[in-house]
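A structural walkthrough
Here's the letter readout for the chains.
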Amino acid sequence: MKKHKIYMDACSYNRPFDSQDQIKIRLETEAKLHIQSDVRDGQHSLCWSFMLDYENGKNPYEEKRSMIVPWKEIADDFCPPSEAVRSRGKDIMNHGIKNNDALHIASAIERQCEYFITTDKGLINKNVDGIKIMNPIDFVREMEGDNEDG
């Protein structure tokens, strides 16, 4: 399997803390945890950004913050704030994407990530040049080739 450079947004990191009553949320949680396991095993390269620091820092739940913050150290790359990210973020907002989300995507593109993984329904499958945006389930399917017959 080719090693891919990925970026997971704050929604993805928080998915395991959401109510698991709905099957879609449980599946996204399992897929996200599988992706993180693959990152730990060196199968994917993970990027972190100043936006993840910002959004995780605003999380009012200490337990959630403390479970997410170690991924900054596990990440292979970090995107700091820059004029290039801000400028690209403004361009991305023209796709109907909100400011914070646009800055996440711009950070991922700036650091040459191939995939932007999110559980945000408003972002999934948006067409932004330079990156593939998808939910964790679809990412796992794509990585594993989805060879099932039915």
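In this report, the structure presented in the accompanying data block is examined. (Residues numbered from 1 in each chain as written. Predicted model: local features only at pLDDT ≥ 70, side-chain atom pairs only at ≥ 80, totals over all residues. Heavy atoms only, no water.)

Some details on the overall build of the protein chain
Of the regular secondary structure elements, the protein chain holds 8 helices and 5 strands. The N-to-C order of helical and strand elements in the protein chain reads β-α-α-β-α-α-α-β-α-α-β-β-α. Against the compact-globule benchmark of 15 Å for 150 residues, the protein chain has a radius of gyration of 15 Å, which places it among compact chains. Here the C-alpha coordinates of the protein chain stretch approximately 45 × 35 × 30 Å along the principal axes. Across the 150 residues in the protein chain, those meeting the buried criterion constitute 45%. (Helix = DSSP H or I, 4+ residues; strand = E, 2+ residues; numbered from the N terminus. Rg over C-alpha atoms; globule rule 2.2 N^0.38 Å. Buried < 20%, exposed > 50% of the residue type's maximum accessible area, 1.4 Å probe, protein only.)

Things to note about unusual backbone geometry
A positive phi angle, close to 60°, is found at Gln112, a residue other than glycine. The class for Gln112 is exposed, based on a relative accessible area of 66%.

Re the nonpolar core
The tendency in soluble globular proteins is for nonpolar side chains to be buried as a group. Core analysis: the biggest nonpolar cluster contains 40 residues, and Ile105 and Ile131 have the highest contact counts within it. In terms of residues, this core owes the most to one element, helix H7 (residues 99-110), which gives 6 residues. Here Ile131 is in contact with Ile105, Ala108, Ile109, Cys113, Glu114, Tyr115 and Phe116, once residues within four sequence places are set aside. (Core = buried A, V, L, I, M, F, W, Y, C linked by side-chain atoms within 4.5 Å. Contact = heavy atoms within 4.5 Å.)

Functional significance is not addressed by these values, which are geometric in nature.
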